[in-house]
Amino acid sequence: MRRLRERAIETVLFLAAASSVLVTIGIVGILVTESLPFFKTVSIVEFLTDTQWTPLFENPRYGILPLLCGTFLSTIIALLVAIPLGTVAAAFLSEYVRPSFREILKPILELLAAVPTVVYGYFALLFVTPLLQKLIPSLGGFNVLSAGLVIGVMIVPYVSSLSEDAMRSVPGHLREASFAVGASRMQTAFRVVIPAAFSGITSAYILGISRALGETMVVAIAAGMQPNLTMNPTEPAATITAFIVQVSLGDLPHGSIGYQSIYVAGLSLLVLTLCFNIIGLYLRKKFQEKE
Amino acid sequence: MEVQQDILANIKRRQMWDFVFALCGLMSLLFALITLLTLIVDLSMTGVARINYDFFTNFPSRFADRAGILSAWVGSFCIMLTTAFCAIPLGVAAGVYLEEYSKKNWISQIIELNIINLAGIPSITYGLMALGLFVYKLKLGQSILTAGLTLGLLVLPIIIVTTREAIRAIPNTIREASYAMGASKWQTIRYHILPYSSGGILTGVIISLSRAIGETAPLITIGALTFIAFLPTPPIEGHFPFVNFKWLMDPFTVMPIQMFNWLSRPQPEFHVNAAATGVVLLVMTLIMNGGAIYLRSRFRKKMKW
């Protein structure tokens, strides 16, 4: 009787753990099946090479390039902010600051990631953009630049927290050896600790990249939602995520080409982030083996 | 003599660079923190004056000064309830299984890889999945139940990971002592492991709920309405069986969506309302996260095994 109960409980717990796999299967399955009909009307070649994305217009054009362009542009701007700030902050926290002080600073830094993204959208649109307009008078009310900058600040904690963990797990005797041959703290940080923690730091960057790629509300609010094939950050543009939000806000009949187009966009985004996640996973594995 | 001078100069130079780098580190930390502070101050300066009793008890309106967030905060509350109800048992159970039962085989490895991967999937894809699965395939509609399930699945990895960390921190001696008294595996978990790890689990629950309360994109995707001027069906009624679950199937709006809606209007008066909603949201998430940080440090200090 008792053994039976134990078995039953174990089975229930196993099902709970396995349900997380079902979620993944659900996400991939739904995205694939709902976007397949799209490729009956639009050829893959057109989808990948057309330079306009206007699936809801009279003469629809289905080229994903403008959306990819907007997505990459905002991601690159975000990374230009997050990677230097995050790495330097991580090196400072792990190599210079006393542990007791670090225990206070790190959670405060993590609050940056806790702020709701819609609040960051407000900040980008009504604080950062007006501020930038004083520097660049030609800047429009909607632009990728301020959205990217704000996403950058938002993902600093993702980059710094994991990088700091990686740097801190570098064994102390490596540092001591470096100090013993007369290196300064900065030399130790750059020539010993950062190279030793490199794969961990890279996997932190990759997490930052996939966060920036998938960030939605900031770009939907501040970047203008206009598919635009440009690499000029002062212009408005749409990202994949912003397009999905824009279409979802309208009334969307199930099975229409508009409905299918958001699934195609979502699938493209999923493929992009999955690629980065797998690279990150590989790096983290490599990094764990070294320890 | 000259060589010594060289060395001294070299040391001086390196000390200077060391100092410069420390300053850079401090600056980047300060930059991040000052941005956070600026955001809070800017939002409060615009929004706080708008927050009063009426703001919480009025429905949205086309007159900015009469509009309130009643339907939004009630919606947020209902959805949090649903989210907590589906994510906590599932997440804790999964965490317990992975930490206490799972053997090192390919199934558990797949589950583990999968959880890491899930945490990296953009939240908006959860919304797309929910639209296709819950709204159209299972016909649950654009309801509170759909929203709660969506956010529940979204925060599931957070709860699983924190539960595992909390359980891993319990030393094996506790388990051995329990087995030595003749307890079964489940009894050990039920009476020892779960109570001792409840602090860590609670931290994860709070963090996941604070994430859920600010999440906007997946709810817009499943088709949450941006203008709702009624409340869900009350869960308690005057006749038998006194409680009903009709509210689960009602349409909804939540605070972040209400804020997004006001923000996307051109009139600045609505932006004030957006700022006020932002203040409410920010206060809630900061309190929840502060609470989680406090809990974590308290339990870490108290539990000295």
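Since this is a predicted model, take the numbers as computed values, not measurements.

Peer 1: How do you make sense of the overall build of chain B when you look at a structure like this?
Peer 2: Within chain B, the regular secondary structure consists of 11 helices and zero strands. In sequence order, chain B lays out its α and β elements as α-α-α-α-α-α-α-α-α-α-α. In terms of its C-alpha atoms, chain B occupies a principal-axis envelope of roughly 95 × 65 × 35 Å. Taking all 305 residues of chain B together, 51% fall into the buried category. Pairs at least 24 residues apart make up 76% of the contacts formed inside chain B by residues separated by at least 6 positions. When the accessible surface of chain B is summed, it comes to about 14,900 Å², and 69% of that surface belongs to carbon and sulfur atoms. Taking the 24 positively charged and 15 negatively charged side chains of chain B as two groups, their mean positions are separated by 7 Å.

Peer 1: I would appreciate a short explanation of the UniProt feature "transmembrane region" (unreviewed entry) in chain B in the present structure.
Peer 2: Residue and element names in this part refer to chain B. Sequence positions flagged by UniProt for "transmembrane region" (unreviewed entry) are, in local numbering, residues 20–41, 70–98, 110–136, 142–161, 193–210 and 275–295. Counting secondary structure, residues 142–161 comes out at 90% helix and 0% strand; the distance between its end C-alpha atoms is 30 Å. Across residues 275–295, helical content stands at 100% and strand content at 0%; the span's end C-alpha atoms are separated by 30 Å.

Peer 1: When you look at the side chain of T221 of chain B in this model, what are you seeing that I'm missing?
Peer 2: Positionally, T221 of chain B belongs in helix α9 (residues 217–221). Using a relative accessible area of 3% as the deciding quantity, one classes T221 of chain B as buried. If near-sequence neighbours (up to four positions away) are discounted, T221 of chain B is found in contact with I244 and S248 of chain A together with I124, G127, L128 and L131 of chain B.

Peer 1: Is there a simple way to explain the nonpolar core in this structure?
Peer 2: Grouped burial of nonpolar side chains is what soluble globular proteins tend to show. I262 of chain A together with F252 of chain B are the most contacted members of the largest nonpolar core, which totals 182 residues. With 15 residues, the single largest contributor to this core is helix α3 (residues 70–101) of chain B. Here this core spans two domains, since at least three of its residues come from each of domain 1 (1–41) and domain 2 (49–289) of chain A. The residues contacting F252 of chain B, other than those within four sequence positions of it, are I79, Q142, S143, I144, A147, L219, I222, A224, L225 and I228 of chain B.

Peer 1: Any chance you could explain the UniProt feature "transmembrane region" (unreviewed entry) in chain A here in plain terms?
Peer 2: Residues and elements named next belong to chain A. The UniProt entry lists residues 12–32, 63–96, 108–128, 140–159, 188–207 and 262–283 under the feature "transmembrane region" (unreviewed entry), expressed in the numbering used here. Along residues 108–128 the backbone is 90% helical and 0% strand, and the end-to-end C-alpha distance reaches 22 Å. Here residues 188–207 is 95% helix and 0% strand, with 26 Å between the C-alpha atoms at its ends.

Peer 1: Even after reading the chapter, I still don't get the pattern of salt bridges, so can you show me in this structure?
Peer 2: Here the idea is simple: oppositely charged side chains can pair when their charged atoms come close. Enumeration over the complete set of coordinates arrives at 12 salt bridges over all chains. The partner of E34 of chain A in a salt bridge is K137 of chain B, with the nearest N and O atoms 3.4 Å apart. Highlighted residues: E34 of chain A in helix α1 (residues 2–35) and K137 of chain B in helix α5 (residues 123–137), drawn from two different chains. The residue E164 of chain A makes a salt bridge to K106 of chain A at a minimum N-O spacing of 2.8 Å.

Peer 1: What's the story with α5 of chain B in this structure? I'm lost.
Peer 2: Since one α-helical turn is 3.6 residues long, residues separated by three or four positions face the same way. All names here are of chain B. The terminal C-alpha atoms of α5, which comprises 15 residues, lie 20 Å apart, in line with the 21 Å expected from a rise of 1.5 Å per residue. Of all the bends in α5, the largest measures some 35° and sits at A130. Among the 15 residues in α5, 13 count as buried, and that is most of the element. Just past α5, the residue K139 takes up positive phi, approximately 55°.

Peer 1: When you look at the side chain of T188 of chain A in this model, what are you seeing that I'm missing?
Peer 2: Residues and elements named next belong to chain A. Note that T188 resides in helix α9 (residues 185–196). Using a relative accessible area of 0% as the deciding quantity, one classes T188 as buried. Apart from residues lying up to four places away in sequence, T188 is in contact with R175, S178, F179, A183 and V193.

Peer 1: What am I meant to see in the packing of helix α6 (residues 117–135) of chain A against helix α10 (residues 255–263) of chain B here?
Peer 2: Helices that pack against each other are described as a pair by the angle of their axes relative to one another and the distance between those axes. Two numbers describe how α6 of chain A lies on α10 of chain B: the axes approach to 10 Å, and their chain directions differ by 20°. In this view, α6 of chain A runs roughly parallel relative to α10 of chain B, as classed from their interaxial angle. Note that α6 of chain A runs across α10 of chain B; the crossing there is left-handed. Residues V118, V119, G121, Y122, L125 and L126 of chain A of α6 of chain A touch α10 of chain B, and the partners they reach there are P256, M259, F260 and L263 of chain B. Looking at the contact of α6 of chain A with α10 of chain B, its residues break down into nine nonpolar, one polar and no charged.

Peer 1: Got a minute to help me understand the interface of chain B and chain A in this structure?
Peer 2: By convention, interface size is frequently given as the accessible area that disappears when the constituent parts associate. Each partner contributes to the interface: chain B provides 81 residues, whereas chain A provides 80 residues. Roughly 7,100 Å² of surface becomes buried between chain B and chain A when both sides are summed, with 76% attributable to carbon and sulfur atoms. It is F21, L29 and L128 of chain B in chain B that bury the most area against chain A; as a group they hold 9% of the surface buried on that side. Joining chain B to chain A, the criterion identifies two salt bridges. The interface formed by chain B and chain A includes 12 residue pairs in polar contact (both at pLDDT 80 or more). Element by element, the count of residues in the side of chain B that touches chain A is highest for helix α1 (residues 2–47) of chain B, at 20 residues. Tallied by class, the residues present in the side of chain B that touches chain A amount to 51 nonpolar, 21 polar and nine charged.

Peer 1: Mind showing me how you'd approach the packing of aromatic side chains here?
Peer 2: What describes a pair of aromatic rings is the distance from one ring centre to the other and the angle between the planes of the rings. One pass over the structure, following the stated rule, counts 16 aromatic pairs over all chains. Seen from their ring centres, Y259 of chain A and Y136 of chain B are 5.4 Å apart, and the 85° between their planes marks the pair as edge-to-face. Taken as a pair, Y259 of chain A in helix α13 (residues 257–290) and Y136 of chain B in helix α5 lie in two separate chains rather than in one. Across this residue pair, the class does not change: Y259 of chain A and Y136 of chain B are buried. Measuring from centroid to centroid gives 6.1 Å for F55 of chain B and F56 of chain B, while their planes differ by 75°, and the two rings are edge-to-face. According to the relative accessible area criterion, F56 of chain B is partly exposed, its value standing at 28%. One aromatic cluster is present, formed by F38, F39, F47, W53, Y62 and F243 of chain A through successive ring pairs. Lying across the ring of Y101 of chain B, K185 of chain B places its NZ or CZ 4.9 Å from the centre. Over the face of the ring belonging to Y191 of chain B we find R190 of chain B, whose NZ or CZ atom lies 5.0 Å from the ring centre.

Thresholds, definitions, all that
Residues numbered from 1 in each chain as written. Chains lettered and ligands numbered in written order. Predicted model: local features only at pLDDT ≥ 70, side-chain atom pairs only at ≥ 80, totals over all residues. Heavy atoms only, no water. Helix = DSSP H or I, 4+ residues; strand = E, 2+ residues; numbered from the N terminus. Buried < 20%, exposed > 50% of the residue type's maximum accessible area, 1.4 Å probe, protein only. Contact = heavy atoms within 4.5 Å. Areas by Shrake-Rupley, 256 points an atom, 1.4 Å probe, with all protein chains shown as cover. Lys, Arg positive; Asp, Glu negative; His and termini not counted. Charge placed at Lys NZ, Arg CZ, Asp CG, Glu CD. UniProt positions renumbered as here; feature names shortened; annotations may be inferred. Core = buried A, V, L, I, M, F, W, Y, C linked by side-chain atoms within 4.5 Å. Domains from an automatic or database assignment. Salt bridge = Lys/Arg side-chain N within 4 Å of Asp/Glu carboxyl O. Expected span 1.5 Å × (residues − 1). Bend = angle between axes of the 7 residues up to and from the residue. Axes fitted to C-alpha atoms, helices over the stretch in contact; angles between N-to-C directions. Parallel < 35°, antiparallel > 145°, perpendicular 65-115°, else oblique. Left-handed = near helix turned anticlockwise from the far one by under 90°. Nonpolar A, V, L, I, M, F, W, Y, C, P; charged D, E, K, R; others polar. Buried area = accessible area lost by both parts, 1.4 Å probe. Polar contact = N/O pair within 3.5 Å; in protein donor to acceptor, adjacent residues only side chain to side chain. Phe/Tyr/Trp six-rings, centres within 6.5 Å; stacked < 30°, edge-to-face > 60°. Lys NZ or Arg CZ within 6 Å of the ring centre and 35° of its normal.

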